[in-house]
Each structure stands twice: as structure tokens, then as C-alpha cells.
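# Results of the structural survey
As a plain string of letters, each chain reads:
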Amino acid sequence: MVKAAGGFFTVRTGSGEEYHCKARGLLKRGNSALMVGDRVIFKPDQGPAGASGQEGVVEKLIPRKNRLNRPPVSNIDQLVIIMSLKDPECDWQLISRMLVLAEKENLKSFVCLNKVDLLDQENLNAIIAKVNPYPYPLIFTSAKTGSGLDKLNKTLKGNCSVFAGPSGVGKSSLLNAMQPGLKLKTGIVSDKIRRGKHTTRQVELLALDNGGSVVDTPGFTRLDFQDLDQEELSSYFPEFEPFLGKCGFRNCMHLTEPKCAVVSEVGNSINPMRYEHYRYFTDELSKGEVY
Ligand SMILES: Nc1nc2c(ncn2[C@@H]2O[C@H](COP(=O)(O)OP(=O)(O)OP(=O)(O)O)[C@@H](O)[C@H]2O)c(=O)[nH]1
Ligand SMILES: [Mg+2]
Ligand SMILES: [Zn+2]
């Protein structure tokens, strides 16, 4: 299933043909409501193709390997979080938030920092220092100058990836720059508030020439942790892993407890910014707050 809009679903077959489909009622509600990335069984309509091309009915959903709710997509191999270094400003905490949700789904993640052309060397060096160390692969790119696109393209090769991040960071622009034939619509970043204008409106699975596929998604800025327990949070920070179980207290939350193995590693292999995000999220979860 490559696209969903207005109660219709676009299904692409193994040979690349697309069918404009309706779905059986059960596939429109609750957990089995169809989402982009779903593998389905459908029945093509008999007779001549209609005005919108070949048509059919989706009959069955094949069990999903995984799913993300935000952006809504299933059966992906990896998440590529896209953020711009400037215009709009990089939201490191939102990156960590997406990474936690990806860890919960056991998804491999990459972080792509776009618009590197907008930073001078000094500011770029400051960012590089800030993310040293960082527990996920970082790719610095510019859709404008083409810098880093080879590396991004290699990451996407042969995999099904989802591009996620706020509006205006350049998700669609990066895809266009790597594969101009896609001709995705891109927007401007407003002058005053430096935010994107929500140009991409649909979740859409795109086939890449390198054998991979990418789901381009609309931008978002808010993300909440719906079914997450405060206790499980530390297991979604992979850099904490070597130190878990080594704290003075068995139920250590790695906050203010003495002899905490995690806290004593902050500034070494644990990035202080990432640890701050952990503290912030723990606090948020303990209050049951919705971000
Ligand atoms: N300077 C610079 N501008 C860029 C770069 N990448 C994208 N832009 C600009 O940023 C604006 C937004 O780009 P889009 O590709 O529409 O952003 P998006 O992430 O797809 O946004 P939504 O579809 O709204 O979620 C456009 O004006 C692009 O030209 C880059 O690397 N450098
Ligand atoms: Mg877009
Ligand atoms: Zn601890």
C-alpha cells in the first residue's frame, strides 16, 4: 500500500502496477486500519479500467512486521530522522523523542542534519562538538549543494526507510535532490517564524532507483509518549546499556541516587545533552503529561 487518501488506497504490485482501491470495512477502523507500508491482498475489479486507472478492493491485511504511529507507516526497515541545522532551528530533544519511540519498535535509526550550507565553519564546529559522542549515525547533508547526499543515498539503498521530521527541514527536497524524477512538491520556510508550511500532505511510499524505497511524510513538531513506562525509558537509550545493572541501587532511575553508574558516565561515553533529554522525559512521564 503506497498511498491513502480520502478513503481510497493506492496499491502497488510487485511488478510496479498501481491499483486504486477501496477497502473492506474492517480495514478502515482500529488497529487494522490500513496504513502506508502495509502488505495486502486485493482483488482487481473485472472489466475495463475506470477513469482513474485500474481499480480493486483490498480484502486482507498481511500481519505487520512493525508500525509507527507518528508518522503512520508499517513494515519499515529503518527510520531516518531529518532535522535542519538552521531555518527551522534544530530540535535535539525532538530527535531524542523520535529515537525513543523507534527503539521501542526495535527500529534501526539514522539522524540526518540537513541545510549544512546555512552554517559557517565556527557554528558547524560547535554542533560537531555537541554531538560528540552520539549513539546513532549522523549524516550531514545539504539538498542545496549536494553535500552528503552520496552517504544518505547509500544508507537508503536496498532498504525501506521512512523520512520523519518537522515541516520545512527539507525531507522532500533531499529526495528530489537524490532523484530529480520524483518531482515532489517543496515549500518555503516562512520569514518571520522560520517554520515550514506543511507542504507534504500525505504519507507516500516512493520507489528509489537504487532499489530502496522511502516514505515521505508530512512534518510534525509534537510527539507524545503514549504507552511508555518511566521504568522502561532507560532501555531506550542504547548508550546507557553497558552501565545498567551496575548502579548502587538495584532500582536506580539514574536521577539523584548515589553511586549511579549512568550518571558517572555522563561526559564520557554518555553525551550530556542526551542525558538531559533522559531526565526531561522521565520527569514528563512521571507527571503523566502530554507534550
Ligand atoms: N539552504 C537550504 N535550503 C534547503 C535545503 N533543503 C531544503 N531547503 C529549503 O527548505 C524549504 C523546505 O523544504 P521542503 O523539502 O519542502 O521541507 P519538508 O521537510 O519536506 O517540509 P514538509 O513537507 O512541510 O514537511 C524549501 O524552501 C527548500 O528549498 C538545504 O539543504 N539548504
Ligand atoms: Mg515535504
Ligand atoms: Zn543509575
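Each value, and the rule that gives it
Residues numbered from 1 in each chain as written. Chains lettered and ligands numbered in written order. Predicted model: local features only at pLDDT ≥ 70, side-chain atom pairs only at ≥ 80, totals over all residues. Heavy atoms only, no water. Axes fitted to C-alpha atoms, helices over the stretch in contact; angles between N-to-C directions. Helix = DSSP H or I, 4+ residues; strand = E, 2+ residues; numbered from the N terminus. Parallel < 35°, antiparallel > 145°, perpendicular 65-115°, else oblique. Contact = heavy atoms within 4.5 Å. Buried < 20%, exposed > 50% of the residue type's maximum accessible area, 1.4 Å probe, protein only. Arc of directions from axis to C-beta. Donors = N, O, S within 2.8 Å, 3.2 Å for Na, K, Ca; no water. Salt bridge = Lys/Arg side-chain N within 4 Å of Asp/Glu carboxyl O. Domains from an automatic or database assignment. Tetrahedral: all angles 85-135°; square planar, octahedral: opposite > 155°, others 65-115°. Phe/Tyr/Trp six-rings, centres within 6.5 Å; stacked < 30°, edge-to-face > 60°. Pairing = 2+ DSSP bridges. Near = heavy atom within 4 Å. Polar contact = N/O pair within 3.5 Å; in protein donor to acceptor, adjacent residues only side chain to side chain. Areas by Shrake-Rupley, 256 points an atom, 1.4 Å probe, with all protein chains shown as cover. Nonpolar A, V, L, I, M, F, W, Y, C, P; charged D, E, K, R; others polar.

Turning our attention to the packing of helix H3 (residues 149-156) against helix H4 (residues 171-178). Their axes nearest at 11 Å, the elements H3 and H4 cross at an angle of 90°. Put simply, H3 runs roughly perpendicular to H4. Mapping the contact onto sequence places Leu149, Leu152, Asn153 and Leu156 in H3 and Leu174, Ala177 and Met178 in H4.

As a further point, take H3. Of the residues making up H3, those classed as buried are Leu149, Leu152, Thr155 and Leu156. An end-on view of H3 places all buried positions within 120° of arc, on one side of the element. Seen from the open side of H3, the exposed residues pointing more than 90 degrees away from its buried face are Asp150, Lys151 and Lys154. Backbone geometry just downstream of H3 places Gly158 in the positive-phi region, at approximately 75°.

Around the magnesium ion (ligand 2), the donor atoms from the protein are Ser172 (OG) and Thr200 (OG1), and they sit 2.0 to 2.2 Å away. Here the residue Ser172 occupies a position in helix H4, and Thr200 occupies one in the loop between H4 and strand E12 (204-207), the gap between them amounting to 28 residues. Per residue, the accessibility class of Ser172 equals that of Thr200, and both read buried.

Evaluated as defined, the whole model comprises eight salt bridges. A salt bridge links Glu204 to Lys3; its shortest N-O distance comes to 3.9 Å. Residue Glu204 is located in strand E12, and its partner Lys3 is located in strand E1 (residues 3-5); the two are separated by 201 residues in the primary sequence. Overall, the relative accessible area of 25% leaves Glu204 in the partly exposed class. Notably, a salt bridge pairs Lys287 with Asp283, separated by 3.0 Å at the nearest N-O pair. Residue Lys287 and its partner Asp283 are both found in helix H5 (residues 272-287); the two are separated by four residues, about one turn of the helix. By relative accessible area, Lys287 is classed as exposed at 52%.

Another aspect to go through is the domain arrangement of the protein chain. Here the domain parsing of the protein chain yields domain 1 (3-64), domain 2 (68-216) and domain 3 (230-287). A straight line from the C-alpha centre of domain 1 to that of domain 3 covers 44 Å.

For the zinc ion (ligand 3), every protein donor is listed as Cys247 (SG), Cys252 (SG), His254 (ND1) and Cys260 (SG), and the spread of their distances is 2.1 to 2.4 Å. Considering all four donor atoms around the zinc ion (ligand 3), the spread of angles at the metal, 104 to 113°, places the coordination shape in the tetrahedral class. Sequence spacing among the residues donating to the zinc ion (ligand 3) works out to C-x4-C-x1-H-x5-C. Of the two residues examined, Cys247 and Cys252, each falls in the buried class.

Two numbers describe a pair of aromatic rings. These are the distance of the centres and the angle of the planes. Counted according to the given criterion, the structure contains eleven aromatic pairs. Ring centres 5.0 Å apart and planes at 80° place the aromatic pair Phe225 and Phe281 in the edge-to-face group. Of the two residues, Phe225 is situated in the loop between strand E13 (213-216) and H5 and Phe281 in helix H5; the sequence distance between them amounts to 56 residues. Each of the two residues, Phe225 as well as Phe281, counts as buried. Grouped by ring-pair contacts, the aromatic residues Phe225, Phe237, Phe240, Tyr275, Tyr278, Tyr280 and Phe281 constitute a single cluster.

Attention now goes to the pairing of E12. Where a strand is regular, its side chains alternate between the two sheet faces. Summarising the sheet, E12 and E13 pair through four bridges and their orientation is antiparallel. Paired with Ala207 across the strands is Ser213, a residue of E13. What sits between the antiparallel neighbours E12 and E13 is a turn of five residues, in which Gly211 has the positive phi angle 90°.

What follows is about the environment of Gly212. With respect to the secondary-structure elements, Gly212 resides in the loop between E12 and E13. You can call Gly212 buried: its relative accessible area is 5%. Expressed as a C-alpha distance, the spacing of Gly212 and Gly158, which sit 54 residues apart in the sequence, is 4.1 Å. If near-sequence neighbours (up to four positions away) are discounted, Gly212 is found in contact with Leu156, Gly158, Asn159, Leu206 and Ala207.

Now for the site of ligand 1. Around ligand 1 there are 24 residues in total, and Asp117, Ser167, Ser173, Gly187 and Thr200 lie nearest to it. Within the side chain of Ser173, a nitrogen or oxygen atom sits 2.5 Å from an oxygen atom of ligand 1. Alone, ligand 1 offers 660 Å² of accessible surface; in the complex the protein occludes 87% of this. Looking at the shell around ligand 1 residue by residue, the class counts come to seven nonpolar, 13 polar and four charged.

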